[in-house]
Amino acid sequence: MISIGFIRHGTTEWNLAGRMQGQMDTPLAEIGRLQADRLAGRLKGESWDGIIASDLQRAKETAQRIEAVTGIPLLKVDARLRERSFGLIEGTTLEERIARWGEQWRTADVGMEPDALLLQRWQSFLADTEQEHQGERLLIVSHGGYIAPVIESIRRQALDTHLMNTSFTVMQRTSAGWEFQLLNCTAHLAQTDTDKQGAQAL
């Protein structure tokens, strides 16, 4: 059996500005580094075997900061954990999306990566990871637009809230399937308006 702790990366400047990041490679903001450090402090008292992160720098830096505080080794980065590709809307603000595609921009054909392809990436990653790390407890640092559909596909129900930056979700594989022990937990954060704002943009 394997246990997975999903971590959404810390807040970026683009999160704060409401810009859609997708697979654009944006760094953490200072508040994102603080969030990662707070999560690291929480994880310091827990037992995890390793960290695997998306290769995008906002996820990789979140993982590196956790490694520096906890000593949990960053085993590798993996492009299969990248954020969903949002096609033409990457780099845009909500106002820019509405101006170009109208209020119904979410249904426009902008070349967004469909759930089926994203979940193929996840299944490929999971199959390899379960083979290589059977019986281990792994932290997976990824992105809101990636983690959310993975969780929803496993739970077979939609999440009722956005995944917060540095939110922590823990699930364990059992003989009956995946069992969730934590979902979108941010107990390590003292919530501020900035944190809440940052969590609204993927």
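Nothing here was measured: the structure is a model prediction, and the numbers come from that model.

**Section: helix α5 (residues 115–132)**
- Spanning 18 residues, α5 covers 26 Å between terminal C-alpha atoms, matching the ideal 26 Å at 1.5 Å per step.
- Looking at α5, one finds that the buried residues are Leu118, Arg121, Trp122, Phe125, Leu126, Thr129 and Glu130. Buried residues of α5, seen end-on, are gathered within an arc of 150 degrees and therefore sit on one face of the element. Across from the buried face of α5, at angles greater than 90 degrees, the exposed residues are Ala116, Gln120 and Gln131.
- On its buried face, α5 sits against β1 (3–8), β2 (50–53), β4 (137–142), α6 (144–155), β5 (168–174) and β6 (177–185).

**Considerations on the pattern of salt bridges**
- Evaluation of the coordinates by the stated rule reveals twelve salt bridges.
- A salt bridge links glutamate 96 to arginine 19; the shortest N-O distance between them is 3.2 Å. One end of the pair, glutamate 96, is in helix α4 (residues 94–101); the other, arginine 19, is in the loop between α1 (13–17) and α2 (30–43), with 77 residues separating them in the sequence.
- For glutamate 96, a relative accessible area of 36% translates into the label partly exposed.

**Section: α6**
- For α6, which comprises twelve residues, the first-to-last C-alpha distance of 16 Å matches the rise-based estimate of 16 Å (1.5 Å per residue) to within 8%.
- Within the span of α6, buried status applies to Gly144, Gly145, Tyr146, Ile147, Ala148, Pro149, Val150 and Ile151.
- Tucked inside the fold, the buried residues of α6 contact β1, α5, β4, β5 and β6.

What counts and how
- Residues numbered from 1 in each chain as written.
- Predicted model: local features only at pLDDT ≥ 70, side-chain atom pairs only at ≥ 80, totals over all residues.
- Heavy atoms only, no water.
- Helix = DSSP H or I, 4+ residues; strand = E, 2+ residues; numbered from the N terminus.
- Expected span 1.5 Å × (residues − 1).
- Buried < 20%, exposed > 50% of the residue type's maximum accessible area, 1.4 Å probe, protein only.
- Arc of directions from axis to C-beta.
- Contact = heavy atoms within 4.5 Å.
- Salt bridge = Lys/Arg side-chain N within 4 Å of Asp/Glu carboxyl O.

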